[in-house]
Amino acid sequence: MGDLFLVRHGETEWSRSGRHTGSTDVPLTERGRDEARRLEPLIRSHRIGAAFVSPAQRARETADLIGLREAQVDAGLREWDYGGDEGVTTAEIQRTRPGWFLFTDGVAPGPPDRPGETPEQVGERADRVLAQVDAAHAEADAEENVVLVAHGHFLRVLTARRLGLPASAGALFQLATGTLCRLGTEHGRPVIAAWNVRPGS
């Protein structure tokens, strides 16, 4: 079975300022586009059997810029629903909720169109995506890999679930914009083969 590649979209104005960006459809900055373009040779050096991308424009543009223009849009790859914390930074949240931590405390309730997700709900969504990844691997050649282009917090939770850890363990995996990660196997068990990779790093 091939590996699973994870790509976090390039920089946006909100990611640069630390604002929680769930459903708000913020575009890439020019730096974010450059981050994505630099990943193309890394992607091109591997055989890709299937690629899936979040519906958000920042993820879709990243997929295009790294050469995955035929990636299948998958709503399951959307970012964490931050509910009432959408657009707010961690420092701002902690002014009224001292010690608040996303991966254990979840988010404040939001309006009906973005009510918010608990860490466990994000983990359940990640499990469903991973089931699709396994199905794609089953249909691909042994040397073909699957790529997911999505968002920082969601991909961190997905990594935790792939490794058999609770969703809250996503806190352990810092993930920068415009980076590539690789999840593989060793002796039949899931492992991190590469993390936060940029060209030249």
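Residues numbered from 1 in each chain as written. Predicted model: local features only at pLDDT ≥ 70, side-chain atom pairs only at ≥ 80, totals over all residues. Heavy atoms only, no water.

**Considerations on the overall build of the protein chain**
Stated formally: Only runs of H or I of at least four residues qualify as helices and only runs of E of at least two qualify as strands under DSSP, and these elements are numbered from the N terminus. Only protein chains enter the accessibility calculation, which uses a 1.4 Å probe; a residue whose area is less than 20% of its type maximum is buried, one above 50% is exposed, and one in between is partly exposed. Contact definition: two residues touch when any of their heavy atoms are within 4.5 Å. Computed with the Shrake-Rupley method and a 1.4 Å probe, the accessible areas treat only the protein chains shown as cover for residues. Positive charges come from Lys and Arg alone, negative charges from Asp and Glu alone, with His and the N- and C-terminal ends not counted. By convention, the point assigned to a charge is CZ for Arg, NZ for Lys, CD for Glu and CG for Asp.
Assigned secondary structure in the protein chain consists of 7 helices and 6 strands. With the C-alpha coordinates of the protein chain rotated into their principal frame, the extents come out at 50 × 35 × 30 Å. Counting the 201 residues in the protein chain, one finds 48% classified as buried. Restricting to contacts in the protein chain with at least 6 residues of sequence separation, those with at least 24 account for 67%. If you sum the accessible surface of the protein chain, you get close to 9,500 Å²; carbon and sulfur atoms cover 48% of it. Each charge sign in the protein chain was given a centre, from 24 positive and 29 negative side chains, and these centres are 4 Å apart.

**What to know about helix H7 (residues 152–162)**
Residues spaced three or four apart along an α-helix point in a common direction, a consequence of the helix completing one turn every 3.6 residues. When you tally the buried positions in H7, you get 10 out of 11 residues, the bulk of the element. Every buried residue belonging to H7 is among Gly-152, His-153, Phe-154, Leu-155, Arg-156, Val-157, Leu-158, Thr-159, Ala-160 and Arg-162, and all of these are buried. Close packing links the buried residues of H7 with strand S1 (4–8), helix H5 (102–105), helix H6 (119–139), strand S4 (145–150), strand S5 (180–186) and strand S6 (189–197).

**A word on the pairing of S1**
Rules: One bridge is not enough; two strands pair if DSSP finds at least two bridges between them.
Burial runs high along S1: 5 of the 5 residues are buried. Along S1, one buried face is formed by Leu-4, Leu-6 and Arg-8 and the opposite face, lined by Phe-5 and Val-7, is buried too. Here 5 bridges tie S1 to S4, and the two strands are oriented parallel to one another. Residue pairing for S4: Arg-8 is matched across the bridge by Ala-150. Sheet analysis places S1 next to S5, joined by 4 bridges and oriented antiparallel. Across the sheet, the residue bridging to Leu-6 is Cys-181, located in S5.

**Remarks on the packing of helix H2 (residues 30–44) against helix H3 (residues 57–65)**
Describing two packed helices takes the angle between their axes plus the distance from one axis to the other. Heads up, the condition is: To get an axis, a line is fitted to the C-alpha atoms, and for a helix only the part in contact is used. The angle between two axes follows their N-to-C directions and goes from 0 to 180 degrees. If an angle is under 35 degrees, it is roughly parallel; if it is over 145, roughly antiparallel; if it lies from 65 to 115, roughly perpendicular; otherwise it is oblique. Should the near helix be turned counterclockwise from the far one by less than a right angle, the crossing is left-handed, whereas a clockwise turn marks it as right-handed. Polar here means any residue other than Ala, Val, Leu, Ile, Met, Phe, Trp, Tyr, Cys and Pro, which are nonpolar, and Asp, Glu, Lys and Arg, which are charged; Gly is therefore polar.
Running from N to C, H2 and H3 cross one another at 40°; their axes reach a closest spacing of 8 Å. Considering the angle they form, H2 stands oblique to H3. Handedness of the H2/H3 crossing: right-handed. Between H2, through Arg-33, Ala-36, Arg-37 and Glu-40, and H3, the contact on the second element is made entirely by Glu-61, Thr-62 and Leu-65. Counted by class, the contact of H2 with H3 contains 2 nonpolar, 1 polar and 4 charged residues.

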